[in-house]
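# Descriptive analysis of the structure
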Amino acid sequence: MAIKGLHSLPTPSLPAMAPIGTVSTMFILLNFISQAIAVPSELYSPLVPQKLLRTFNSLPKPIQYPQYTDSSRPGKWAFFVPDTWTSAFFPTTLYEMDRRRTLCKTLNASGVDVDWLQLGRSASQGLVSLPGHNTQGHDVGFLSFPFVEELKRNPGNQTAINTVNGFARDLAKRFIPAAGVTRSWDNDNQTVVRVIIDNMMNLDVLFSSAELTGNQTLVQIAKTHADTTIKNHIRADGSTWHVVEYDADTGAVLSKHTAQGFSDDSTWSRGQAWGIYGYAQMYSRTGNPTYLETSRRLATYFLSHIPSDGIVPWDFDAPLKDPKVPGGVRPADSSAATIATNGLLLLGSLDEEDADKWTSAALEILDHITELAWKPEWDSLLSNGTVNWPSNNYLTGTVYGDHYFVKVGNDLLERGLAHC
Ligand SMILES: *[C@@H]1O[C@H](CO)[C@@H](O)[C@H](O)[C@H]1NC(C)=O
Ligand SMILES: *[C@@H]1O[C@H](CO)[C@@H](O)[C@H](O)[C@H]1NC(C)=O
Ligand SMILES: *[C@@H]1O[C@H](CO)[C@@H](O)[C@H](O)[C@H]1NC(C)=O
Ligand SMILES: *[C@@H]1O[C@H](CO)[C@@H](O)[C@H](O)[C@H]1NC(C)=O
Ligand SMILES: *[C@@H]1O[C@H](CO)[C@@H](O)[C@H](O)[C@H]1NC(C)=O
């Protein structure tokens, strides 16, 4: 049987010798510091490469990128122009498949034998002209991902170097010294600096560029943004506001509210997940224990607010019954779940004290969300994403949820916690 709810943590609830094959879902059982951890086998299903190749072959020309599945055509990708915050996730997932092919030696068993690196390079080309010419605000960090991946394989690729540096310059231009933050979203009144918790995930491009150029101003901007966000975005109980607005001239906090959450003082789960992951990355980049502590606080809140069914809701404070949604139940957000699993796994690799706790929590979330949201017949790998509840965009696949599903699968392989 599947691992039970999160209440049993940190004591694992799965018996060490649970018989394989007696349950509806097959698990790969692994021994990990005397604990048994189950990894859902869907992570390494042949459907993963098969669907990703099918999506690659269906990219529109001139190129557009999948973002979420279309509510009017359930399970079918909706495609968007390159100048969209989510454009880089699909190309980055192709790079992750290249990584998987290396980790697994071959993916031939899926019936798909392609050069994923070539596909990733090809799909990235539509993003190369974006630095200096885009409307994505802080989200240039996300857009940099495939180029950062390219440089791990070919550090001399000048196109990738220029693109990473260009996106970092775009983000650095948004830094407002008096407020100590980079501006996330633009708005008409330039005095009002809007910052969303998601911005934490965009800081890494500043470190990537600093590695390439030696420019420490970029690192300083990232640290300052992260420090200011600790002060103003995180509540005493470890939950997060979605939006904080600052005065560009004085740095005063003008307001705290939500954009995509249930209410101004609720905790939007995807934002909380970006925060866990973003601060874990800040710690791995800087070694500053304050960032480790912050990631731990956000993770503790996240885990202690998952209900007993183990499913990550789209907002931790949204009511359980939701009359506006078909079926009437509060929707999940599979993307918040998969983002959190990546953040928790990273936290588990950095936090010696509680490594097992974060790692087993990541696997439990992954197990529950896979069971709920795995959708063989859809274009996306997962369903049950909530793109934007206030805009009535839920019960979808999301390209970022799928990206982090593939990435966590690779991170587990790399750490010896799963087999291909
Ligand atoms: C995978 O298939 C290709 C042919 O499509 C073959 O050249 C290659 O050796 C196979 N790899 C493995 C490890 O079986
Ligand atoms: C260099 O990187 C770019 C962007 O990532 C990619 O499109 C291109 O194919 C790469 N060039 C080579 C020679 O690998
Ligand atoms: C370092 O980066 C900042 C922000 O992009 C820029 O203003 C500055 O000119 C750069 N410094 C050097 C020496 O290139
Ligand atoms: C812009 O926002 C600032 C800070 O809230 C406010 O003082 C100013 O009046 C606003 N300007 C306009 C044109 O609305
Ligand atoms: C998951 O998605 C299905 C439709 O694909 C829906 O019926 C179900 O209510 C969703 N569950 C949650 C918890 O979001």
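Just so it is clear, the model here is predicted, and its values are computed rather than measured.

Quick look at unusual backbone geometry now. Omega for the peptide link from K61 to P62 comes to -10°, which places this bond in the cis form. Take P62: it is sitting in the loop between α1 (47-57) and β3 (65-69). The phi torsion at K105 lies on the positive side, around 70°, for a residue other than glycine. Note on placement: K105 falls in the loop between α2 (89-104) and α3 (116-124). A positive phi is found at L395, a non-glycine position, where the angle reads about 55°. Topologically, L395 is positioned in strand β11 (residues 393-396).

The next subject is the site of ligand 4. Taken together, N189, T191, V192 and L254 make up the full set of residues near ligand 4. Interatomic distance of 2.4 Å between a side-chain N/O atom of N189 and an oxygen atom of ligand 4. Out of a free accessible area of 360 Å², ligand 4 has 32% covered by protein chains. Here the shell around ligand 4 is built from residues that sort into two nonpolar, two polar and no charged.

It is worth spelling out helix α10 (residues 289-304) at this point. With 16 residues, α10 ought to run about 22 Å at 1.5 Å a step, and its terminal C-alpha atoms sit 22 Å apart, in line with that. Residues Y291, L292, T294, S295, R296, L298, A299, Y301, F302 and L303 constitute the buried set of α10. On the buried face of α10, the contacting elements are α8 (216-233), α9 (269-286), α11 (334-350) and α12 (355-373). Its side-chain oxygen placed 2.9 Å from the backbone nitrogen of T290, N288 serves as the N-cap of α10.

Below, the discussion takes up the site of ligand 1. The full set of residues close to ligand 1 is T106, N108 and D113. A distance of 2.2 Å separates an oxygen atom of ligand 1 from a polar atom in the side chain of N108. Bound to the protein, ligand 1 loses 29% of the 370 Å² it would expose on its own.

Right, let's talk about the sheet that holds strand β8 (residues 243-247) for a bit. Taking strand neighbours across the sheet as the criterion, the three strands line up as β7-β8-β9 in an open arrangement whose pairing is antiparallel. Looking at the sheet topology across the chains shown, the edges are occupied by β7 (192-196) and β9 (253-257). Strand-to-strand, the axes of this sheet are offset by a mean angle of 20°, without reference to chain direction. Where β8 meets β9, four bridges bridge the pair, whose relative direction is antiparallel. Note on β9: the bridge partner recorded for Y246 is V253. Here α8 sits on the sheet and contacts β7, β8 and β9; the angle it forms with β8, its principal contact strand, is near 110°.

Take the nonpolar core next. A general tendency of soluble globular proteins is for nonpolar side chains to be buried together. Core analysis: the biggest nonpolar cluster contains 100 residues, and W116, L206, F302, Y404 and L412 have the highest contact counts within it. With sequence-adjacent residues up to four places away left out, L206 is seen in contact with A168, L171, A172, L218, I221 and A222.

Let's shift gears to the environment of H403. Tracing the sequence through the fold places H403 in helix α13 (residues 399-414). With 315 residues separating them in the primary sequence, H403 and A88 have C-alpha atoms 9.9 Å apart. Apart from residues lying up to four places away in sequence, H403 is in contact with F89, T92, T93 and E96. There is a polar contact of 3.1 Å between the side chain of H403 and the side chain of T93.

One pass over the structure, following the stated rule, counts 20 salt bridges. Between E149 and K152 there is a salt bridge, and its shortest N-O distance comes to 2.7 Å. Of this pair, E149 and K152 are both found in helix α5 (residues 145-153), three residues apart, which corresponds to roughly one turn of the helix. A salt bridge links R296 to E293, with the shortest nitrogen-to-oxygen separation between them at 3.7 Å. In this pair, R296 and E293 are both assigned in helix α10, three residues apart and thus about one turn of the helix distant. With a relative accessible area of 42%, E293 lands in the partly exposed category. It is possible to trace a salt-bridge network through shared partners that takes in E96, R99, K407, D411 and E414.

Calculation criteria
- Once a new chain begins, its residue numbering starts again from 1 and follows that chain's sequence as written.
- Ligands are numbered from 1 and chains lettered from A, in the order in which they are written.
- Totals for whole chains, interfaces and linings use all residues, but because this is a predicted model, local features are given only for residues with pLDDT of at least 70 and pairs of side-chain atoms are given and counted only at 80 or more.
- Hydrogens are left out, water is left out, and the side-chain values use all remaining heavy atoms of the structure.
- What counts as a helix is a DSSP run of H or I of at least four residues, what counts as a strand is a run of E of at least two, and both are numbered from the N terminus.
- By convention in this text, a residue qualifies as near a molecule or strand provided that one of its non-hydrogen atoms is within 4 Å of it.
- Whenever two N or O atoms come within 3.5 Å, that pair is a polar contact, provided that in protein one can donate a hydrogen and the other can accept it, and provided that, for residues adjacent in sequence, both atoms are side-chain atoms.
- Note on areas: these come from Shrake-Rupley sampling with a 1.4 Å probe, and a residue is covered only by the protein chains present in the view.
- Each residue gets one of three labels, nonpolar for Ala, Val, Leu, Ile, Met, Phe, Trp, Tyr, Cys and Pro, charged for Asp, Glu, Lys and Arg, and polar for the others, Gly among them.
- Any helix carries an expected span of 1.5 Å times its number of residues minus one.
- Only protein chains enter the accessibility calculation, which uses a 1.4 Å probe; a residue is then buried when its area is under 20% of its type maximum, exposed when over 50%, and partly exposed in between.
- Any two residues having at least one pair of non-hydrogen atoms within 4.5 Å are treated as being in contact.
- By this definition, two strands are paired if DSSP reports at least two bridges between them.
- Axis angles are defined between N-to-C directions and span 0 to 180 degrees, where every axis is a line fitted to C-alpha atoms and, for a helix, only to the segment in contact.
- Buried residues of nine kinds, namely Ala, Val, Leu, Ile, Met, Phe, Trp, Tyr and Cys, make up a nonpolar core once their side-chain atoms join them within 4.5 Å.
- Put simply, a salt bridge is a Lys or Arg side-chain nitrogen that is within 4 Å of an Asp or Glu carboxyl oxygen.

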